[in-house]
Amino acid sequence: MSASCFLADAGFDVTVFEKNDSPGGRARKFEAKGFRFDMGPSWYWMPDVFEEFFGHFGKSPADYYDLLRLDPSYRIVYSDTDRLDIPAGVDNLCKMFEILEPGSSVQLLKFLEEGKFKYEFSIHDLINRPGLSVRELLDTEMLSGVFKLHVFESITTYIRKFFNAPKLVELLEFPVLFLGAKPENTPALYSLMNYADMVLGTWYPMGGMHRVIEGMVSLAKSLGVRFEFNSNVQKLEVNSTSTKGIVVNGVLQYFDYIVASADYHHVEQDLLPASHRRYSEAYWQKRVMAPSSLIFYLGINKKVDNLLHHTLFFDEDFKKHAEEIYDDPQWPSAPQFYVSCPSKTDPSVAPTGCENVFILIPVAPGLTDNEWTREKYFEMVLKRLEHLIGQNIRDHILFKRSYAHQDFINDYNAFKGNAYGLANTLLQTANLKPSIINKKVKNLFYTGQLTVPGPGVPPAIISGQVVAKELIKKHREFVT
Ligand SMILES: Cc1cc2nc3c(=O)[nH]c(=O)nc-3n(C[C@H](O)[C@H](O)[C@H](O)COP(=O)(O)OP(=O)(O)OC[C@H]3O[C@@H](n4cnc5c(N)ncnc54)[C@H](O)[C@@H]3O)c2cc1C
């Protein structure tokens, strides 16, 4: 949708084909029994990216939704008697750090200052780095900044240079979960996520994350983009070096350019003939995927105490859980989990007196997923949740739906049922990600979370801008 806005704005006639019956992909919503659930994203981070996106078209997020900064940003639960609320604002964070490790507030300021450099360097310049040439990585600014980016050091080592208290280390390693790799395999460059978390803050669009999608659709339509839902793209029709169009629900439709925003692996392996694929199946099998998720959407017919809008349950050992996601993929023995309860902030997402609860367990991609396994984890997590928050939930469930690998495959053609695309390891960063262009099909471009810059709603939005810019450049070369 991001790419469609930039391309329509540049004068192209754009149609979006979506296999599902509504827009948003992984960021869709569904409604049931008076509850409105965001299906995927719940953390609105990097508000500047949304500002810049809408700003490009003379709009602002406020034209489409009301944003609220959450304070506390989130809660971490270690046991039924030990929890930590992470306050909004650096001054309050400094006070919290001092309590957990005397002297650490000075370190925090230095840590965040370095994170700010990385954030501004990486995020604001990403649009100029489509990942097509090593020259992008060799410009003077990049080279002069490379040591300050800590690309070749792991975030685990980096954080421990600043802090000793286990709770602080764990807190600072948490945003890495969004990046889909173990902290020891994630470059310290990504302390930019700590800057995003602690300085830029955790926000919420009133009405739900889906408001962002509605805003983008509304903007796209105002720019002339057409949307075709229930439109399954089954094939890219190619000749020797280009594509002439796509087969949608059995009918060939002709286009000058195709931007493929479905899962990259699906586009290549299912929609293109082998002769025109940029990457082989062997290449994909060697990629490190970010985790999939086992999700439960619950409608609860009472108010639930001791949950915030975002609550992370760190009562089990993350090291073991991470090994079972990344090193020896299997259903986890005792997973950490996350609960979002947006009705704490927003009464519109649940009937009066009720609570909208979303439980997410990160799990390895590619696992065999069946009802029995889902139920086993539901029982395990519900029991722990009830104990940790001291509340009965079981007898108050009005609505329940589960979602895991097989749903990601059925709904989005997700490779191995991934939720967040590729892991952001050093060898899968920037130019080492699957490319936005296909050298064998000159009018085909790729966008979305499996290409640059990576997973997450803000990066997906930037990805759309990057690919639109490249397409417009190529178009100018073709016509002149
Ligand atoms: C459970 C979960 C929680 C998340 N939490 C957060 C969060 O808190 N904050 C955050 O910023 N990000 C979060 N993310 C990540 C974020 O949602 C994604 O990175 C982003 O939405 C990906 O957008 P995309 O356009 O690349 O892919 P998608 O959203 O998957 O869009 C691709 C679209 O292509 C369609 N499609 C696929 N195949 C075809 C076909 N053959 N024909 C037609 N259409 C097709 C799909 O239906 C889909 O709509 C989360 C993701 C998940 C799954």
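Quantities reported herein were computed from a predicted structural model and do not represent experimental measurements.

## Points about the side chain of His310
Here comes step 1: With respect to the helices, strands and loops of the structure, His310 is situated in strand S14 (residues 310-313).
Here comes step 2: Polar contacts involving the side chain of His310 include one to the side chain of Tyr338, which spans 2.7 Å.
Here comes step 3: Apart from residues no more than four positions distant in its own chain, His310 is found in contact with Ser42, Trp43, Leu70, Ser73, Tyr74, Arg75, Thr202, Tyr338, Val339 and Ser340.

## Digging into the packing of helix H2 (residues 47-56) against helix H9 (residues 210-222)
Any two packed helices are characterised by how steeply their axes cross, that is the angle between the axes, and by the distance between the axes.
Here comes step 1: Taken N-terminus to C-terminus, the directions of H2 and H9 make an angle of 15 degrees; their axes are 11 Å apart at the nearest point. Regarding the angle of H2 to H9, the classification is roughly parallel. The element H2 and its partner H9 pack so that their crossing is left-handed. Counted together, Phe50, Phe53 and Phe54 of H2 and Val212, Gly215, Met216 and Leu219 of H9 form the full contact between these two elements.
Here comes step 2: Among the residues forming the contact of H2 with H9, the class breakdown is six nonpolar, one polar and no charged.

## Regarding the side chain of Lys302
Here comes step 1: Mapped onto the secondary structure, Lys302 falls in the loop between strand S13 (292-300) and S14.
Here comes step 2: Salt bridges are absent for the buried Lys302, whose nearest opposite-charge side chain, Asp305, sits at 7.4 Å.
Here comes step 3: Within the local environment of Lys302, its side chain forms a polar contact with the backbone oxygen of Asn392, the two atoms lying 2.8 Å apart.
Here comes step 4: Apart from residues no more than four positions distant in its own chain, Lys302 is found in contact with Gly353, Cys354, Glu355, Gln391, Asn392 and His396.

## Section: the sheet that holds strand S15 (residues 337-340)
Here comes step 1: Spatial strand order, S6-S5-S14-S15-S16-S13-S17: seven strands in an open sheet with mixed pairing. Because the sheet does not close on itself, it has two edges, and the strands there are strand S6 (82-86) and strand S17 (397-403). Mean inter-strand twist for the sheet, computed between neighbouring axes without regard to direction, equals 20 degrees.
Here comes step 2: Direction of pairing for S13 relative to strand S16 (residues 355-363): antiparallel, over a ladder of nine bridges. Within S16, the position partnered with Phe296 by the bridge is Ile359.

## Focus: the nonpolar core
Here comes step 1: The biggest cluster of nonpolar side chains holds 99 residues, and the ones touching the most others in it are Met46, Phe53, Phe97, Tyr119, Phe163 and Leu171.
Here comes step 2: Among the elements that make up this core, the one with the highest residue count is helix H15 (residues 457-479) (seven residues).
Here comes step 3: Judged by nonpolar contacts, the second largest core, of 27 residues, contains Val77, Phe313, Phe337 and Val381.

## Overview of the packing of aromatic side chains
Here comes step 1: Considering all chains together, one arrives at 48 aromatic pairs under this definition.
Here comes step 2: When the ring of Tyr283 is compared with that of Trp284, the centres are 5.4 Å apart and the planes differ by 85 degrees; the resulting orientation is edge-to-face.
Here comes step 3: By relative accessible area, which is 17% here, Tyr283 ends up buried.
Here comes step 4: Classification of Trp284 by relative accessible area gives buried; the value is 0%.
Here comes step 5: Taking 6.4 Å as the distance between ring centres and 80 degrees as the angle between the ring planes, the aromatic pair formed by Tyr297 and Tyr403 counts as edge-to-face. Of this pair, Tyr297 sits in strand S13 while Tyr403 sits in strand S17, placing them 106 residues apart in sequence.
Here comes step 6: Of the residues examined, Tyr403 reaches a relative accessible area of 2% and is grouped as buried.
Here comes step 7: In this structure, Lys148 is placed above the aromatic ring of Phe117, and the distance from its NZ or CZ to the ring centre is 4.4 Å.
Here comes step 8: Residue placement shows Arg287 over the ring face of Tyr283; its charged tip is 3.8 Å from the ring centre.

## Some words on the packing of H2 against helix H4 (residues 104-125)
Here comes step 1: In contact at an axis separation of 12 Å, H2 and H4 are set at 30 degrees when each is read in the N-to-C sense. Taken as axis vectors, H2 and H4 run roughly parallel relative to one another. In this structure, H2 crosses over H4, and the sense of that crossing is right-handed. Residues Asp48, Val49 and Glu52 of H2 touch H4, and the partners they reach there are Tyr119, Ile123 and His124.
Here comes step 2: Considering only residue class, the contact of H2 with H4 consists of three nonpolar, one polar and two charged.

## As for the site of the ligand
Here comes step 1: What surrounds the ligand is a group of 32 residues, the closest being Glu18, Arg26, Trp43, Gln449 and Gly456.
Here comes step 2: Within the complex, 91% of the 1000 Å² of free accessible area of the ligand lies under protein.
Here comes step 3: Among the elements of the structure, helix H14 (405-412) and H15 are those that each provide at least two residues to the shell around the ligand.
Here comes step 4: For the shell around the ligand, the per-class residue count stands at 15 nonpolar, 13 polar and four charged.

## Here's the deal with the pairing of S14
Here comes step 1: Alternating positions in S14 separate into two faces, His310 and Leu312 on one and Thr311 and Phe313 on the other, with burial throughout.
Here comes step 2: Here three bridges tie strand S5 (residues 74-79) to S14, and the two strands are oriented parallel to one another. By the bridge assignment for S14, Val77 is matched with Phe313.
Here comes step 3: For S14 and S15, the ladder comprises four bridges, and the chain directions are antiparallel. Looking at S15, one finds that Thr311 is bridged to Val339.

## Looking at the sheet that holds strand S18 (residues 437-438)
By way of backbone hydrogen bonds, the strands of a sheet pair with one another, either parallel or antiparallel.
Here comes step 1: Taken together, three strands build an open sheet; the order of strands is S12-S19-S18 and the sheet is mixed. Looking along the sheet, the strands with just one partner apiece sit at the ends: strand S12 (258-260) and S18.
Here comes step 2: Bridge count between S12 and strand S19 (residues 441-446): three bridges; the pairing is parallel. Among the inter-strand pairings, Ala260 is bridged to a residue of S19, identified as Tyr446.
Here comes step 3: Packed on one face of the sheet, H15 meets S12, S18 and S19 and runs near 165 degrees to S19.

Basis of the calculations
- Counting restarts for each chain: residues are numbered from 1 in the order of the written sequence.
- Under the rules for a predicted model, residues below a pLDDT of 70 receive no local features and side-chain atom pairs below 80 are neither given nor counted, while totals for whole chains, interfaces and linings still include all residues.
- Calculated side-chain values reflect all of the structure's heavy atoms, with hydrogen atoms and water omitted.
- Put simply, DSSP H or I for four residues or longer makes a helix, DSSP E for two residues or longer makes a strand, and each gets a number counted from the N terminus.
- Two N or O atoms count as a polar contact when they lie within 3.5 Å, although within protein this holds only if one can serve as hydrogen donor and the other as acceptor, and sequence-adjacent residues are included solely when both atoms are side-chain atoms.
- The contact criterion used is simple: two residues touch if any of their non-hydrogen atoms lie within 4.5 Å.
- With axes taken as lines fitted to C-alpha atoms, and helix axes fitted only over the stretch in contact, angles between N-to-C directions fall between 0 and 180 degrees.
- Between 65 and 115 degrees an angle is taken as roughly perpendicular, under 35 as roughly parallel, over 145 as roughly antiparallel, and anywhere else as oblique.
- When the near helix sits turned anticlockwise from the far one by under a right angle, the crossing is termed left-handed; a clockwise turn instead gives a right-handed crossing.
- Gly counts as polar in this scheme, as do all residues outside two lists: the nonpolar Ala, Val, Leu, Ile, Met, Phe, Trp, Tyr, Cys and Pro, and the charged Asp, Glu, Lys and Arg.
- Throughout, exposure labels follow a simple rule: accessible area from a 1.4 Å probe, protein chains only, divided by the maximum for the residue type, with under 20% read as buried, over 50% as exposed, and the rest as partly exposed.
- In this tally, Lys and Arg are treated as positive and Asp and Glu as negative; His is ignored, and so are the chain termini.
- By definition here, a salt bridge exists when the distance from a side-chain nitrogen of Lys or Arg to a carboxyl oxygen of Asp or Glu is within 4 Å.
- In this scheme, strands are said to pair when DSSP sees at least two bridges between them.
- By nonpolar core we mean a set of buried residues, namely Ala, Val, Leu, Ile, Met, Phe, Trp, Tyr and Cys, connected to one another through side-chain atoms within 4.5 Å.
- Think of it this way: a Phe, Tyr or Trp ring, Trp meaning its six-membered ring, pairs with another when their centres are within 6.5 Å, and the plane angle makes it stacked under 30 degrees, edge-to-face over 60, tilted otherwise.
- Here, a charge over a ring means that NZ of Lys or CZ of Arg falls within 6 Å of the ring centre while also lying within 35 degrees of the ring normal.
- By convention in these notes, a residue is near a molecule or strand provided one of its non-hydrogen atoms lies within 4 Å of it.
- Only the protein chains shown count as cover for residues, and the accessible areas themselves come from Shrake-Rupley with a 1.4 Å probe.

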